[in-house]
Amino acid sequence: MKFSDIWVYLSATPLLGLTVTLVAYQAAFWIYTKLKRNPLANPVAIAVALLVAILWFTGTPYATYFEGAQFVHFLLGPATVALAVPLYANLGTLKRNLLPLGGALLAGSLVAVVSAVGIGWALGASRESLLSLAPKSVTTPIAMGITEKLGGLPSLTAVLVVATGILGAVLAKGTLNLLRIEDHAVRGFAVGVAAHGIGTARAFQVSETMGAFAGLAMGLNGLVTAFLFPLLVKLWGT
Amino acid sequence: MLGALTVLLIYQLVGEVLVQLTGLPVPGPVVGMLLLFITLMARNGAPDVLRGTSQQLLSHLSLLFVPAGVGVMLHFGRLGNEWLALAAALVGSTVITIAVTALVMRLLQRR
């Protein structure tokens, strides 16, 4: 059997797409650890770049790759449901701080969507891009679900969400220092609302309190945006 | 592990069915998450198996975004045309969101 025959055979099975996804992610994670978990070396961004390069070099269409990668993609659903567990673990904190957390959550959720769409619209982004941009502060599985429901582009959302997470992890410190906010609970919650899981991972590196509040904010913001955003789209007049 | 995964899938399935039945514009898994959250409140805690499986699934959460992220290759044209608007929106909105969330929370804590 010639190499090209093996290639033809393999590229027609889902095995290759699935395997190459796992390998690329682990390579990306290795690079991320080697660079001391610098937020700029985000493993999702690196894995995506590696895979795009591989597909481009081999001339593989995205649809062919996705035949295999869909098995990983499918797990986003159960993972979203699983977010209920850490959310429940933080129920006590939530109950004790209902007013400040609830108020900050609603304000943050609303501002995240409105400011992103507002700036994008003012600078001439298309309607499809704006719909894909709106849930950018929400954790990826929920954000993609929201976009899919409302006629945006889920894969564009995935890219914008990851970019937001990286930006949040990088910009949070400067912004909060400028505002002279020192309380780790407040800092963590703000990062979690704005920058979901990537911001939360960053917050855990600073302190346990900051991480816990960021994680709580991530879960709550996903829930609130999923219910709030369709209403906003209706008001906006589709 | 298998049992817990089955539970997660059942909640997702019920969520999807509810969304189809009611026409709610919310993703099915989010409804599933809400239902599971309510269940955990009702029974005052999560069983250890469910906690373990959820933690495992969520610890590899970023891997799950990769296949969709690779879809960026379908949007290079769009990104080329709109990169300035999208980049400005991401940077501006992220800073504003962090600032507003933190300021509102501090304001309400002082009351």
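Q: Which parts of the structure should I look at to understand the domain arrangement of chain B?
A: Often the size quoted for an interface is simply the accessible area lost on bringing the parts together. Taken domain by domain, chain B consists of domain 1 (1-64) and domain 2 (69-111). Using only C-alpha atoms to locate each centre, domain 1 of chain B and domain 2 of chain B end up separated by 28 Å.

Q: Quick question: what am I supposed to make of the environment of Val 52 of chain A here?
A: Tracing the backbone shows Val 52 of chain A in helix 3 (residues 43-58). Judged by the 19 C-beta atoms lying within 10 Å of it, Val 52 of chain A falls in the partly exposed class. Counting along the chain gives 10 residues from Val 52 of chain A to Tyr 62 of chain A, while the straight-line C-alpha distance between them is 8.9 Å. When sequence neighbours within four positions are dropped, the list of residues in contact with Val 52 of chain A reads Val 70, Val 72 and Met 73 of chain B.

Q: Before we go on, may I ask you to explain the domain arrangement of chain A in this structure?
A: Residue and element names in this part refer to chain A. Considered domain by domain, chain A is made up of domain 1 (3-74) and domain 2 (82-236). Taking only C-alpha atoms, the centre of domain 1 and the centre of domain 2 are 27 Å apart. In this complex, domain 1 contributes 5 residues to the contact, which on the side of domain 2 involves 6 residues. When grouped by side-chain class, the residues that make up the side of domain 1 that touches domain 2 number 4 nonpolar, 1 polar and no charged.

Q: How should the packing of helix 10 (residues 140-150) of chain A against helix 11 (residues 154-178) of chain A be read in this particular structure?
A: Between two packed helices, the angle of one axis relative to the other and the distance separating the axes together describe the packing. All names here are of chain A. In the contact formed by helix 10 and helix 11, the axes pass within 9 Å of each other and the chain directions differ by 145°. In the packing of helix 10 onto helix 11, the handedness of the crossing is right-handed. For the pair helix 10 and helix 11, the contacting residues are Thr 140, Ala 143, Met 144, Thr 147 and Glu 148 in the first and Pro 154, Thr 157, Ala 158 and Val 161 in the second.

Q: Just checking my understanding: could you explain unusual backbone geometry for this structure?
A: The bulk of non-glycine residues show a negative phi, and the bulk of peptide bonds are trans. With phi around 55°, Arg 180 of chain A is a residue other than glycine that occupies positive phi space. In this structure, Arg 180 of chain A sits in the loop between helix 11 and helix 12 (184-206). Overall, the presence of 7 C-beta atoms within 10 Å leaves Arg 180 of chain A in the exposed class. Look at Asn 44 of chain B: it is not a glycine, yet its phi comes out positive at around 55°. Among the structural elements, Asn 44 of chain B can be located in the loop between helix 2 (28-42) and helix 3 (48-59).

Rules and cut-offs
- Residues numbered from 1 in each chain as written.
- Chains lettered and ligands numbered in written order.
- Predicted model: local features only at pLDDT ≥ 70, side-chain atom pairs only at ≥ 80, totals over all residues.
- Domains from an automatic or database assignment.
- Helix = DSSP H or I, 4+ residues; strand = E, 2+ residues; numbered from the N terminus.
- Buried ≥ 20, exposed ≤ 12 C-beta atoms within 10 Å, placed from the backbone.
- Contact = placed C-beta atoms within 7 Å.
- Nonpolar A, V, L, I, M, F, W, Y, C, P; charged D, E, K, R; others polar.
- Axes fitted to C-alpha atoms, helices over the stretch in contact; angles between N-to-C directions.
- Left-handed = near helix turned anticlockwise from the far one by under 90°.

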